[in-house]
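# Summary of the model geometry
Spelled out from the first residue to the last, the chains are:
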Amino acid sequence: MSRQNYKKDIKQKRKEERRLNKQTLVTTIIFSFIFVFMLGYYVHFVLKDAPTVISSSQNGRIKEQAKKVVRGTIYAKGGEELAYTDTNETPDDFEDDVRRYPYGKTFAQVVGYTTKGFTGLEDVCNYDLVMPKKNPLKQIEDDFTGKVLQGCNINTTLDVDLQKTAYDSLGDFKGGIFVMDPDTGAVYVSASKPSYNPENLEENWEKLNKKTNAPFMNRSTQGRYMPGSVFKIVTTLAYMRQNSNYKDFQFQCNGTTSFDHFKMKCYNGNVHGSESLEEAFANSCNGAFASMGLEIDTDVFNRTAEDLLFNNPLPLSDLKTGTTSYVKSGSFELDETSEKYNDYYVAESSIGQQDVLVSPAQMAMIASAIANHGVMMKPYLISEVVTDDGAVVKEAHQSEAKTLMTEKEAKQLSKYMAAVCQYGTAKIFANCDYKAYGKTGTADLHSSGDGNVNSWFVGYAKKGDKKLAIAVVLDNIDDSQGSAKECAKKVFDRYFN
């Protein structure tokens, strides 16, 4: 081989090596990207999706596990059984197991059912209720002795006495009541009517599903209602934030207030005369709040509503699964580009009419933040998950969910809410041996055509070191037949006395 051909051959080989090295590099980079992507997906699945998949009632493994385990018990705050499995004295035979609900309709929506699927806490806690979760040595011992497997038990914060009081206070009305401790976030009441008996669900399933009054819906957490004047809490806070001299506010109420192209009438045409902001709040003066709403900058109004959880997920994870939420947040938006937007729409929205919607749960959270110096504690219903031999598997830790307002703002709103209960629209609380703070609401349901309303009460009360926040809605009622504040008073009376 000539020297020239040798050099040419070496050059060709090096060229080929560079081509192969380039291909190898590209292939390595591609597979590295695939590996990083798969690793990232795995980490995402483990941290976020895995708990959802594992706990899902549709998980085949969970379904199989449920066939060989006695489902755990759901307990109330005082140790009362809210849901338990009756083994009919044959614990080894799972075929004749029956799920029992001692309080029937009273806790139906929040506790849920296991017939025709899963709802409520039965759904949220499904994984824990069918998983023994014992240490390996104990599991071996139980297997050796032939002990029947028992799912974990759930200890909740629900208060049987308060729940029964709230449920009974609703009478024959449709409605919901949500009650929580402002200092801890513990939820004591989630009551809803109309209801159903979970134990008779199988035979009544078709009939219940034909009903138009939605007995399966938890109106205290899932119901979104026009709030009427309880929304004036939001309007007041927005006005305070925009106007540092809000204490100088004055309004002359003549029963009907004239604006450009429309008039705003106060409830029953009441004439309130000259009012300060406190008096307008206590009297729930529509004219005053429509005027305030028209003064508030749209951005300030929207931001304030969002600060108070409107248009945002509510931090009540104990009523959520990966695929289902048993709690809904409110909606409020003033969009200057919308065809609906005009002075009348803004004025009506400012008093909780038009497209404003909210649940009792959200309003109770707002009230709890006001009671707790502006800080909303994270609401929770599940206090502990324990094994059948008492070992604690999970435990709730009280924590702050969000600061909804400053301490100064909360103190001022409390002052206004106290006036409502002392000489305003909820003066039935004036002579109670506890101090009540609240806001009433009467949302006009123009679409009903019969003059019906949503009756509301939102607030809190305290006596000594004890506090209780509450929100009550009576849905689509004749205003002369019932009042949400009466329901709230029964709950407060029971708790503090």
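Presented here is an overview of the structure given in this document. (Residues numbered from 1 in each chain as written. Predicted model: local features only at pLDDT ≥ 70, side-chain atom pairs only at ≥ 80, totals over all residues. Heavy atoms only, no water.)

## Overview of the overall build of the protein
Note the following rule: Secondary structure elements are taken from DSSP: a helix is a run of H or I of four residues or more, a strand is a run of E of two residues or more, and numbering for both begins at the N terminus. Values of accessible area rely on a 1.4 Å probe in the Shrake-Rupley scheme; residue burial ignores everything except the protein chains shown.
Tallying secondary structure elements over the protein gives 16 helices and 17 strands in all. Summed over its atoms, the accessible surface of the protein is roughly 24100 Å², and 49% of this surface lies on carbon and sulfur atoms.

## Concerning the sheet that holds strand E1 (residues 74–75)
Our working rule: One bridge is not enough; two strands pair if DSSP finds at least two bridges between them.
If you walk across this open sheet you meet the six strands as E3-E2-E1-E4-E12-E13, and the pairing is mixed. Of all strands in the sheet, those with a lone pairing partner are strand E3 (98–100) and strand E13 (392–395), marking the two edges. Across two bridges, E1 lies against strand E4 (residues 153–156) in parallel orientation. The residue of E4 that forms the bridge with Tyr 75 is Asn 155.

## Focus on the sheet that holds strand E5 (residues 174–180)
The condition is simple: In this analysis an axis means a line fitted to C-alpha atoms, helices contributing only their contacting stretch, and an angle means the value between N-to-C directions, from 0 to 180 degrees. It only takes one pair of heavy atoms within 4.5 Å for two residues to be counted as in contact.
On the basis of which strands lie adjacent, the open sheet formed by five strands has the order E6-E5-E17-E16-E15 and antiparallel pairing. Edge positions in the sheet fall to strand E6 (187–193) and strand E15 (435–444), since each has one partner strand and no second. When the angles between neighbouring strand axes are averaged without regard to direction, this sheet yields 5°. Here E5 runs beside strand E17 (residues 466–477); their pairing, made up of seven bridges, is antiparallel. What sits directly across from Lys 174, in E17, is Asp 475. On the sheet, helix H15 (residues 407–422) packs against E15 and strand E16 (453–463) and is oriented at approximately 80° with respect to E15.

## Details of the pairing of E16
We apply this condition: Three exposure classes are used, based on accessible area relative to the maximum for each residue type with a 1.4 Å probe and protein chains only: buried under 20%, partly exposed in between, and exposed over 50%.
Here E16 lies mainly inside the structure; nine of its eleven residues are buried. As paired strands, E15 and E16 are joined by ten bridges and run antiparallel to one another. Following the sheet pairing, Thr 440 is matched in E16 by Phe 457. With ten bridges connecting them, E16 and E17 associate as antiparallel partners. Across the sheet, Ser 455 pairs through a bridge with Leu 474, a residue of E17. Hairpin geometry of E16 and E17 is characterised by an intervening segment of two residues between the two adjacent antiparallel strands and by a positive phi of about 65° at Gly 464.

## What about the pattern of salt bridges?
A side chain of one charge can pair with a side chain of the opposite charge when the charged atoms of the two come close. Formally: Whenever a carboxyl oxygen of Asp or Glu lies within 4 Å of a side-chain nitrogen of Lys or Arg, that contact is scored as a salt bridge.
Taken as a whole, this structure holds 15 salt bridges when the rule is applied. For the salt bridge of Glu 122 with Arg 71, the shortest nitrogen-to-oxygen distance reads 3.0 Å. Taken as a pair, Glu 122 in helix H4 (residues 120–124) and Arg 71 in the loop between helix H2 (60–66) and E1 lie far apart in primary sequence, 51 residues in all. A relative accessible area of 0% means that Glu 122 is categorised as buried. Overall, the relative accessible area of 10% leaves Arg 71 in the buried class. For Lys 174, the salt bridge is made with Asp 475, and the minimal N-O distance between the two is 3.8 Å. A residue pair is termed long-range when its members are at least 10 positions apart, and Lys 174 in strand E5 and Asp 475 in strand E17 qualify at 301 residues. Members of the salt-bridge network, linked through shared partners, are Arg 71, Arg 99 and Glu 122.

## Quick notes on the pairing of strand E2 (residues 81–86)
Pairing geometry for E1 and E2, over two bridges, is antiparallel. By the bridge assignment, Tyr 75 is partnered in E2 with Glu 81. Of the strand pairs in this sheet, E2 and E3 are connected by three bridges, and their pairing is antiparallel. By the bridge assignment for E3, Thr 85 is matched with Arg 99.

## Some thoughts on the side chain of Glu 122
Under the convention used in this document: Counted as a polar contact is a pair of N or O atoms within 3.5 Å, where, for protein atoms, one must be capable of donating a hydrogen and the other of accepting one, and residues adjacent in sequence contribute only when both atoms are in side chains.
One polar contact links Glu 122 to Tyr 101, side chain to side chain, over a distance of 2.8 Å. For Glu 122, the residues in contact, after removing those within four places along its chain, are Arg 71, Ile 74, Ala 83, Arg 99, Tyr 101, Val 111, Gly 112, Tyr 113, Thr 114 and Leu 129.

## So, the packing of aromatic side chains
Between two aromatic rings, the relevant description is the distance of the centres plus the angle of the planes. In plain terms, the rule: The criterion for an aromatic pair is that two Phe, Tyr or Trp rings (for Trp, the six-membered ring) have centres within 6.5 Å, with stacked assigned to planes under 30 degrees apart, edge-to-face to planes over 60 apart and tilted to the rest.
In total, this model carries 23 aromatic pairs according to the counting rule given. Relative to Tyr 416, the ring of Phe 281 lies with its centre 5.9 Å away and its plane at 35°, an arrangement referred to as tilted. Taken as a pair, Phe 281 in helix H10 (residues 277–283) and Tyr 416 in helix H15 lie far apart in primary sequence, 135 residues in all. Judged by relative accessible area, Tyr 416 falls into the buried class, the value being 3%.

## Topic: helix H16 (residues 484–496)
Quick note on the threshold: Expected span of a helix: the number of residues minus one, times 1.5 Å.
Its 13 residues give H16 an end-to-end C-alpha distance of 18 Å, which sits within 8% of 18 Å, the value for a rise of 1.5 Å per residue. Elements in contact with the buried residues of H16: helix H7 (160–169), E5, E6, E16 and E17.

## Details of the nonpolar core
Buried together is how nonpolar side chains tend to be arranged in soluble globular proteins. For clarity, the cut-off: Among buried residues, the Ala, Val, Leu, Ile, Met, Phe, Trp, Tyr and Cys ones that are joined through side-chain atoms within 4.5 Å form a nonpolar core.
The biggest cluster of nonpolar side chains holds 129 residues, and the ones touching the most others in it are Phe 310 and Phe 429. Element by element, the count of residues in this core is highest for helix H14 (residues 360–371), at nine residues. If sequence neighbours within four positions are ignored, Phe 310 has contacts with Phe 231, Val 234, Ala 305, Gly 330, Ser 331, Phe 332, Val 356, Leu 357, Val 358, Gln 362 and Ile 366.

## With respect to the environment of Phe 249
Assignment of secondary structure puts Phe 249 in the loop between helix H9 (232–242) and strand E7 (251–253). Relative accessible area serves as the criterion here: at 6%, Phe 249 is assigned to the buried category. In the structure, Phe 249 is positioned 39 residues away from Ala 288 in sequence and 9.6 Å away in space, judged by C-alpha atoms. Once you skip the residues sitting within four places of it in the chain, Phe 249 turns out to touch Tyr 239, Glu 275, Ser 276, Leu 277, Ala 280, Ala 288 and Met 292.

## Digging into the environment of Met 226
As for its placement among the helices and strands, Met 226 is situated in the loop between helix H8 (201–210) and H9. Spatially, the C-alpha atom of Met 226 lies 9.8 Å from that of Ser 331, the residues being 105 residues apart in sequence.

## Comments concerning unusual backbone geometry
That bond from Lys 193 to Pro 194 is cis: its omega, 0°, falls within 30 degrees of zero. Locating Pro 194 in the fold gives a position in the loop between E6 and H8. Positive phi, normally seen in glycine, also occurs at Leu 309, with a value near 80°. Non-glycine residue Gln 354 carries a positive phi angle of around 60°. Structurally, Gln 354 can be placed in the loop between helix H13 (343–350) and H14.

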